[in-house]
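Residues per chain are reported as follows:
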Amino acid sequence: MHRHILTLAILGALIVAAALLAQLMGIRLYERIATTMFVSMILVLGLQVFMGNSGILSFAHIGFMGVGAYTSAVLSIPDRMKGMALPDLYPILENVQLSPYLTILIGGLVAALVAAALSYPLMRLSDAAAVITSFALLVVLHTVLTHWSAVTNGPRTLFGIPEATSLWLACGVALAALIGAMAFKESRAGQLLRASRDDEVAAAAIGVNIVKLRWVGFILAALFAGIGGALWGHFVTSFSPRAFYLKETFLILSMLVIGGANTVTGAVIGTLIVTFAYEALRSVEAGINEAGFMSQQVIGLTEIVLALAMIAVLSLRPGGLFPAREIGTLLTLKRKTGGKSP
Amino acid sequence: MDFAIQFIINVLSLGGAYALMALGLVLVYGILKLVNFAYGELIMVAGYTLHLVGGSPLPWLVMAAVAVVMAMVAGLATDYVAFRPVRAKSVTAVLITSFAFSTLLQNAALLFISPRPRSVPLPEIFSQSVMIAGMPTPMRDIITIVAAVVLLGLFAFLMQKTVLGIAMRAAATNFTMARMLGVPANLIISSAFAISGFLAGVVGILWIGRIGTVAPAIGLEPLLIAFIACVIGGMRSLQGAVLGGFILAFIDTTLNYTLSQDLLKFRDAFTFSLVILILLWRPEGLMKGPSSGQRT
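Computed from a predicted model, the values in this text were never measured in an experiment.

1. A word on the overall build of chain B
Within chain B, the regular secondary structure consists of 12 helices and 4 strands. Its C-alpha atoms give chain B principal-axis dimensions of roughly 60 × 45 × 40 Å. Expressed as a percentage of the 296 residues in chain B, the buried residues total 55%. Of the contacts formed within chain B by residues at least 6 apart in sequence, a portion of 77% connects residues at least 24 apart. Put simply, chain B has 17 plus and 10 minus side-chain charges, and the middle of one group is 15 Å from the middle of the other.

2. Brief notes about the interface of chain B and chain A
Interfaces are often sized by the amount of accessible area the parts lose when they come together. Contact with chain B, which involves 40 residues of that partner, is made by 44 residues of chain A. Our count for the chain B to chain A interface comes out at 0 salt bridges. At the junction of chain B and chain A, the tally comes to 0 residue pairs in polar contact (both at pLDDT 80 or more). Contributions of two or more residues to the side of chain B that touches chain A are made by α4 (91-112), α9 (220-233) and α12 (267-281) of chain B. With 16 residues, the top contributor of residues to the side of chain B that touches chain A is α4 of chain B.

3. Side note on the packing of helix α2 (residues 28-54) of chain A against helix α14 (residues 264-291) of chain A
All names here are of chain A. One can describe the packing of α2 onto α14 by two numbers: an axis separation of 9 Å at closest approach and a directional angle of 145 degrees. When you trace α2 past α14, the crossing you get is right-handed. Residues I33, M37, S40, M41, V44, L45 and Q48 of α2 form the contact with α14, whose participating residues are V264, A267, V268, T271, L272, T275 and E279. Class assignment for the residues of the contact of α2 with α14 results in 9 nonpolar, 4 polar and 1 charged.

4. Here we look at unusual backbone geometry
Residues and elements named next belong to chain A. Positive phi, normally seen in glycine, also occurs at N153, with a value near 60 degrees. Counting through the fold element by element, N153 comes out in the loop between α8 (149-152) and α9 (167-186). The class for N153 is buried, based on a relative accessible area of 7%. Here T237, not a glycine, exhibits a phi torsion of approximately 65 degrees, which is positive. Given a relative accessible area of 22%, T237 falls into the partly exposed group.

5. Notes on the side chain of R214 of chain A
Topologically, R214 of chain A is positioned in helix α12 (residues 210-236). Exposure remark for R214 of chain A: the relative accessible area of 2% places this residue in the buried category.

6. Some details on helix α3 (residues 60-83) of chain B
Residues and elements named next belong to chain B. With 24 residues, α3 extends 33 Å between its outermost C-alpha atoms, agreeing within 8% with the 34 Å of an ideal straight helix rising 1.5 Å per residue. For α3, the full list of buried residues reads W60, M63, A64, A67, V68, A71, A74, G75, T78, D79, A82 and F83. Lining the buried residues of α3 we find α1 (2-32), α2 (39-53), α4 and α8 (185-211).

7. Description of the nonpolar core
Judged by nonpolar contacts, the single largest core of 215 residues is most densely connected at F38, L45 and F64 of chain A together with F37 of chain B. Top contributing element to this core by residue count: α1 of chain B, with 15 residues. Not counting the four nearest positions on each side in its chain, L45 of chain A is found in contact with A174, A177, L178, A181, F224, V264, A267 and V268 of chain A.

8. With respect to the pattern of salt bridges
Residues and elements named next belong to chain A. Summed over all chains, the structure comprises 8 salt bridges over all chains. As a salt-bridge pair, D198 and R197 come within 3.0 Å of each other at their nearest N and O atoms. D198 gets classed as exposed once you look at its relative accessible area, which sits at 58%. Take R197: its relative accessible area is 27%, and that puts it in the partly exposed class.

9. A short note on α9 of chain B
Residue and element names in this part refer to chain B. With 14 residues, α9 ought to run about 20 Å at 1.5 Å a step, and its terminal C-alpha atoms sit 20 Å apart, in line with that. Counting buried residues along α9, 12 of its 14 residues qualify, which places the element largely inside the surrounding structure. Listed as buried for α9 are P222, L223, L224, I225, A226, F227, I228, A229, C230, V231, I232 and G233. Positive backbone phi, approximately 125 degrees, marks G234, located one or two places after α9.

10. A look at the packing of aromatic side chains
As enumerated under the stated definition, the model contains 19 aromatic pairs over all chains in all. Judged by centre distance (5.7 Å) and plane angle (85 degrees), the ring pair of F64 of chain A and F218 of chain A falls under edge-to-face. Of this pair, F64 of chain A sits in helix α3 (residues 61-76) while F218 of chain A is found in helix α12, placing the two residues 154 residues apart along the sequence. One exposure class covers both F64 of chain A and F218 of chain A, and it is buried. A ring pair is formed by F239 of chain A and F244 of chain A, whose centres lie 5.5 Å apart and whose planes are at 80 degrees; its orientation type is edge-to-face. Both residues of the pair, F239 of chain A and F244 of chain A, count as buried. Of the aromatic side chains, those joined through ring pairs into one cluster are F59, F135 and F250 of chain A together with F37, F99 and F227 of chain B.

11. Quick notes on the environment of L102 of chain A
Assignment of secondary structure puts L102 of chain A in helix α6 (residues 100-119). In sequence terms L102 of chain A and A112 of chain A are 10 residues apart; their C-alpha atoms lie 16 Å from each other.

12. Regarding the packing of α9 of chain B against helix α10 (residues 238-258) of chain B
All names here are of chain B. Between α9 and α10, the least distance of the axes is 7 Å, while the angle of their chain directions is 115 degrees. As far as their axial angle goes, α10 and α9 are roughly perpendicular. Here the hand of the crossing between α9 and α10 comes out right-handed. Of the residues in α10, those in contact with I225, I228, A229, I232 and G233 of α9 are G240, A241, G244, G245, I247 and L248.

13. Details of the confidence of the model for chain B
Chain-level statistics for chain B give a pLDDT mean of 84 and a share of 96% at 70 or above. The low-confidence segment residues 292-296 of chain B, where pLDDT is below 50, has 17 contacts with residues more than four positions distant or belonging to other chains.

14. Topic: the environment of S54 of chain A
All names here are of chain A. Looking at the element boundaries, S54 is found in helix α2. S54 sits in the buried class, given a relative accessible area of 4%. With 170 residues separating them in the primary sequence, S54 and F224 have C-alpha atoms 16 Å apart. A polar atom in the side chain of S54 sits 2.7 Å from the backbone oxygen of F50. Polar contacts involving the side chain of S54 include one to the main-chain amide nitrogen of I56, which spans 3.3 Å.

Reading the values: rules and limits
- The numbers attached to residues start from 1 for each chain and follow its sequence in the written order.
- Note on labels: chains are lettered from A, ligands numbered from 1, in written order.
- Confidence filtering applies because this is a predicted model: local features only for residues at pLDDT of at least 70, side-chain atom pairs given and counted only at 80 or more, and all residues used for totals across whole chains, interfaces and linings.
- Derived side-chain values reflect all non-hydrogen atoms in the structure, with water molecules and hydrogen atoms excluded from consideration.
- Secondary structure counts use DSSP, requiring at least four H or I residues in a row for a helix and at least two E residues in a row for a strand, with both numbered from the N terminus.
- A simple rule labels every residue: compare its accessible area, found with a 1.4 Å probe on the protein chains alone, to the largest value its type can have, and call it buried under 20%, exposed over 50%, or partly exposed in between.
- Residues count as neighbours in contact if any of their non-hydrogen atoms are within 4.5 Å of one another.
- In this charge count, Lys and Arg are treated as positive and Asp and Glu as negative; neither His nor the chain ends contribute.
- Charge positions are represented by NZ for Lys, CZ for Arg, CG for Asp and CD for Glu.
- Every case where a carboxyl oxygen of Asp or Glu lies within 4 Å of a side-chain nitrogen of Lys or Arg is listed as a salt bridge.
- The term polar contact refers here to a pair of N or O atoms within 3.5 Å; inside protein, the definition further demands a hydrogen-donor-capable atom paired with an acceptor-capable atom, and it admits residues adjacent in sequence only when both atoms are side-chain atoms.
- Angles here are taken between N-to-C directions and fall from 0 to 180 degrees, while the axes themselves are lines fitted to C-alpha atoms, restricted in helices to the stretch in contact.
- For any helix crossing, the convention is left-handed if the near helix is rotated counterclockwise from the far helix by under a right angle, and right-handed if that rotation is clockwise.
- Residues are grouped as follows: Ala, Val, Leu, Ile, Met, Phe, Trp, Tyr, Cys and Pro are nonpolar; Asp, Glu, Lys and Arg are charged; every other residue, Gly included, is polar.
- One less than the residue count of a helix, multiplied by 1.5 Å, gives the span that helix is expected to have.
- Here the nonpolar core consists of buried residues drawn from Ala, Val, Leu, Ile, Met, Phe, Trp, Tyr and Cys, with membership extended through side-chain atoms lying within 4.5 Å.
- What counts as a ring pair is set by centres within 6.5 Å for rings of Phe, Tyr and Trp (its six-membered ring), and what kind of pair is set by the plane angle: stacked under 30 degrees, edge-to-face over 60, tilted for all other angles.
- Our angle categories are set so that under 35 degrees counts as roughly parallel, over 145 as roughly antiparallel, 65 to 115 as roughly perpendicular, and the remainder as oblique.
- Values of pLDDT, ranging from 0 to 100, describe the predictor's confidence in every residue of the model.

Rendered as structure tokens:
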């Protein structure tokens, strides 16, 4: 127990320190970067809840982010903007205008409900079949978001979403997500799920209901994703369905994989490292574009470097930077063995 | 009657292309039990090669051959970069590395070529049409059907009669046993990737022949098609992949003719929901392959 509290304290301190640093620098850009980073962290922690404990790769995660973002947006766009932003909206929703703070929660819940309804039968599948169906689910969600014009304004940008997400709100939710992910991991459900990850047959033999536990993990992950998406929506205030597709999936997945999918520490540290690298590379890209060495715009360099980093990490350290033990456990073990690494 | 002939030609030409795409994916899956997410990018590589050599005075067939060879090289590169270093470690790791490799190739195309679609050289014959039973039929549909028949025949011969084909089928059935009997593992896997690249290259040229341009994201649709076709037909069976390709083409063509404009936008959602349903009903697909599902 002691070591879990230590883990939470260290990671929580890192999160708060990042937020404080961004605010004390007093530069608007850094504040924006930090806010986006906390949103990513919520998503990465959500993916960790499912992937880390069940061992199944899920591509559908970002789809649920989209569900949360659109739900929250539709319910909170002010009356006078609705006619313009969503001309074909169903009459019943036309006069609904709730506080964004409430709709962020609703966004998470709707994403969780959608996940609960769609995913139960899929949880029977393992390995490649599970991955292909989750990829199929992402495509289905994306197609629906892109074409359900009445609610999403189709492939066009949806605008007029009230701004509500501040640096500290995002930071607070990230802390809550951290505690949630850790609590699930150490709960009975989380431990049984990890038993099934390590040996499906043995876990089933001791009576673990694998399908149900995976389902619970998946719903919880979708809740995180929905809340993260809604927070993001109220931060950028206009977005299109393209934001919730393969590019974002790749970014979130790279954060989790580089940090280490099996640990909460990995999720948090991976987000910090990848965000830092991503922003640094972006500014290099912008610098090259400004200096004009190349005849055309430089784009895609960031993704190339990230992809190489992912492949390198997976070949050298397949479990990521924190493959099995949380940081608190590592530190306690170190103290017990007199400073020698375990 | 005219309508029936047109429908059949549509299904056969689309199905031929789909079957070849699925075959390339399932060939690798059968041996390694791993999905190659970078498969669509092999088609992109073939397209960009064609675009880059387009300015040269070479005859078109030579350019097409160069494009196919480059797709094979890219297939081998997938093996060396994304699969070999992590193959033995975990399923998830390989799926992620192949996804990363796909992003890598796509962004390389964005960075070094252009985010905008580029034209590819195509011979005259691709834009001509002939009259069949009183209906104008594009020549490229006929070419696709012929190419599919020839390639499927060649492929069947390779798998049934040659040492390489028999060794690959043995490896797909029971990899450990095949190795013990002296089948060189890495060579077989690399050959599978090269053949997969060959199929992707040919189908890429036929596919791009329909559109006329190549863009960095062009590989996504063929990848999705190959996924669906494999899942419908059976991930372990080569015949299943071909069957799945034709079934999918039949479903797509039927939906194209029957769905209203409003619903047609959701076609992908329909077909993917179908995949999910089929996997639930028969996790193995319609055709069962060799019984051993051990990953290697």
